[in-house]
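Okay, here's what each chain looks like letter by letter:
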Amino acid sequence: MILPGMSKATFTGNFTQQEPIPDAAIDAAVAVMRSGRLHRYNTAPGEDGEVSHLEEEFAAFTDAKYCLAVASGGYAMGAALRAVDVGPGDKVLTNGFTLAPVPGAIAAVNAEPVFVEVTESLTIDLDDLAAKAATSGAKVLLLSHMRGHLCDMDRLMEICDAARIIVIEDCAHTMGGAWRGVPSGRHGLIGCYSTQTYKHLNSGEGGLLVTDDDIVMAKAIMLSGSYMLFGRHRAAPPVDTFEKVKYVTPNVSGRMDNLRAAILRPQLADLPAQVARWNALYRTMEEGMRNTPGLQVIERPEEESIVGSSIQILLPQANPDQVATVVKSCGARGVELKWFGAPEPVAFTSRYDSWRYAPAQQLPKTDAILAGLLDMRLPLTFSVEDAALIAEIIRDEVLSLHSQTAAE
Ligand SMILES: *Cc1c(COP(=O)(O)O)cnc(C)c1O
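In what follows, the accompanying structure is described. Just so it is clear, the structure is predicted and the values come from calculations on it, not from any experiment. Note that residues are indexed from 1 along each chain, following the sequence as it is written. Totals for whole chains, interfaces and linings use all residues, but because this is a predicted model, local features are given only for residues with pLDDT of at least 70 and pairs of side-chain atoms are given and counted only at 80 or more. Side-chain numbers come from the whole structure's heavy atoms, not from hydrogens or water.

**Describing the packing of helix α1 (residues 23–35) against helix α8 (residues 258–289)**
A pair of packed helices is characterised by two quantities: the angle between their axes and the separation of those axes.
1) Next: Geometry is summarised by axes, namely lines fitted to C-alpha atoms with helices restricted to the contacting stretch, and by angles between N-to-C directions that run from 0 to 180 degrees. Comment: elements are numbered from the N terminus, with helices defined as DSSP H or I runs of at least four residues and strands as E runs of at least two. For the pair α1 and α8, the least separation of the axes is 8 Å and the interaxial angle reads 160°. As judged from the angle between their axes, α1 and α8 are roughly antiparallel. Every pair of crossing elements has a handedness; the one defined by α1 and α8 is right-handed. On α8, the residues touching A24, A25, A28, A29, V32 and M33 of α1 are N258, L259, A262, I263 and P266.
2) Next: Polar here means any residue other than Ala, Val, Leu, Ile, Met, Phe, Trp, Tyr, Cys and Pro, which are nonpolar, and Asp, Glu, Lys and Arg, which are charged; Gly is therefore polar. When the residues that make up the contact of α1 with α8 are grouped by side-chain class, the tally is ten nonpolar, one polar and no charged. Here is the rule for angles: anything less than 35 degrees is roughly parallel, anything more than 145 is roughly antiparallel, 65 through 115 is roughly perpendicular, and the remaining ranges are oblique. We call a crossing left-handed when the near helix sits turned anticlockwise from the far one by less than a right angle, and right-handed when that turn is clockwise. Only heavy atoms enter the contact rule, under which two residues are in contact if any of them lie within 4.5 Å.

**Digging into the pairing of strand β14 (residues 373–377)**
1) Next: In terms of burial, β14 is largely enclosed, as five of its five residues are buried.
2) Next: The buried label applies to any residue whose accessible area, calculated with a 1.4 Å probe on protein chains only, is under 20% of its type's maximum; exposed applies above 50%, and partly exposed to all values in between. Residues L373, D375 and R377 point to one face of β14 and L374 and M376 to the other, with burial holding for every one of them.
3) Next: Between any two strands, pairing holds if DSSP finds at least two bridges. Direction of pairing for strand β12 (residues 310–314) relative to β14: antiparallel, over a ladder of five bridges. Across the sheet, L314 pairs through a bridge with L373, a residue of β14.

**With respect to the side chain of H149**
1) Next: Assignment of secondary structure puts H149 in the loop between β4 (140–144) and α6 (153–162).
2) Next: Here H149 falls in the buried class, since its relative accessible area comes to 3%.
3) Next: What H149 contacts, discounting residues up to four positions off in sequence, is S121, L122, T123, I298, R300, E304 and Q312.

**Concerning the side chain of T10**
1) Next: Positionally, T10 belongs in the segment before α1.
2) Next: From its side chain, T10 meets the backbone oxygen of K8 in a polar contact 3.3 Å long. Here a polar contact means two N or O atoms within 3.5 Å. Within protein one must be a hydrogen donor candidate and the other an acceptor candidate, and residues neighboring in sequence count only if both atoms are side-chain atoms.

**Concerning the sheet that holds strand β1 (residues 66–70)**
1) Next: With respect to topology, seven strands assemble into an open sheet ordered β1-β9-β8-β5-β4-β2-β3, the strand pairing being mixed. Looking at strand neighbours, the two that pair on one side only are β1 and β3 (112–116), the edges of this open sheet. Strand-to-strand, the axes of this sheet are offset by a mean angle of 20°, without reference to chain direction.
2) Next: Of the pairings in the sheet, the one linking strand β2 (residues 91–95) to β3 comprises five bridges and is parallel in character. Residue pairing in the sheet places V92 in a bridge with P113 of β3.
3) Next: Contacts between helix α4 (residues 101–108) and the sheet are confined to β2, β3, β4 and β5 (166–170), with β3 contributing the most and set at about 145° to the helix.

**Side note on the sheet that holds strand β7 (residues 182–183)**
1) Next: The antiparallel open sheet is built from three strands, whose spatial order is β7-β6-β11. Strands at the two margins of the open sheet, each flanked by one partner only, are β7 and β11 (304–305).

**Some details on helix α2 (residues 50–62)**
1) Next: What a helix should span is 1.5 Å times the count of its residues minus one. Helix length check: α2, at 13 residues, gives a terminal C-alpha distance of 18 Å against a target of 18 Å (1.5 Å per residue), a fit within 8%.
2) Next: Taken as a whole, α2 has its buried residues at E50, V51, S52, L54, E55, F58, A59 and T62.
3) Next: Where α2 is buried, its residues meet α1, β1, β7, β8 (190–194), β9 (207–211) and α8.
4) Next: Two residues or fewer after α2 comes D63, characterised by a positive phi angle close to 60°.

**Section: the pattern of salt bridges**
1) Next: Only one rule defines a salt bridge in this text: a Lys or Arg side-chain nitrogen within 4 Å of an Asp or Glu carboxyl oxygen. Within this structure, the stated rule accounts for 28 salt bridges.
2) Next: In this structure, the salt-bridge partner of K219 is D85, at a minimum N-O distance of 3.2 Å. Taken together, the positions of K219 in helix α7 (residues 214–225) and D85 in the loop between α3 (73–83) and β2 put the pair 134 residues apart, joining distant regions of the chain.
3) Next: Judged by relative accessible area, K219 falls into the buried class, the value being 15%.
4) Next: Exposure remark for D85: the relative accessible area of 56% places this residue in the exposed category.
5) Next: Within the structure, one salt-bridge network assembled from shared partners comprises R283, E286, E287, R290 and E299.

Have a look at this one:
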């Protein structure tokens, strides 16, 4: 929207405003509250409960045998690490470019993150991964599809299978995405998802874990706090599987409740339509910014089915002052950009060198990329026209910086 009296177009939308919860989800939530049966195992005779249904539906959505709904995405990652027996002092490979809950999940089991470099496509550097798979001693990779970017998953699995490294996927930003038609979260042994407000389904807090592995799912269910009621799960392995794990797996309570599941089920049914809406915003922004001198869009490979709920750009030639100038001038025009190269973390932009509980590590390639990396959420409350305007503002501000530098 161009406000009167302003010489330059300004955007007035809110980058953290999500859509309301759909009416069908509100009705389902109210029905759960009226029943009083909010705990997942507090079901009436003959009733399976909202959580069990959500698990079945999400397993079908991801084409997984089993699914467990939990309290958060971070909890799902922690349970996944415990379920594959990661313990104190173990090394776990993970992305140098990711969000704080990922190294946090590793630290929560007293293991040590070993960070892998990022590429200009914002995916894990597979050469660095292969090198560290060979030398680090890690038996697990907690792979984060950060900001929705999927690496060449076929090659990643080849590297990890050859090195006998278990892959756990953090799909907080790729729920609904796929690589070569395989849903994100289904290449590795375990896929973890978040249903926190800023992700692709919104229950405030929440997480999901999927796997085809009987023992992994039996352990995850025990860990989540099943009080020996594992027989009530539907997207779960046969009950005799639990004989092997039920006395040796601790209860680390982190169940999902029926209220959250009730809110999520109608949203899950809508997800493909929402993905199409996100991608319309994303492609509009991408087109609007492509071919801008000094600005690099992240080209997406054909094999990747994206969910464009956020967009990233690189200013590869800009120095820190220039990047800061772009952030500031876009901000003055209502466009809130997050900068992963800023000296101090702001909101979600903390980086591997901000996580000082982990041993200090050098990632020169990642440093160089994050120095020019800008990020923006694309909430569905934005219209395609909004996306076009935002792209125009960013393009304008990068171009004006570029012409100033050219004139110097
Ligand atoms: C949000 C997020 C998580 C974890 O989600 P929570 O539900 O907040 O614990 C994991 N990984 C990434 C990359 C995230 O952005």
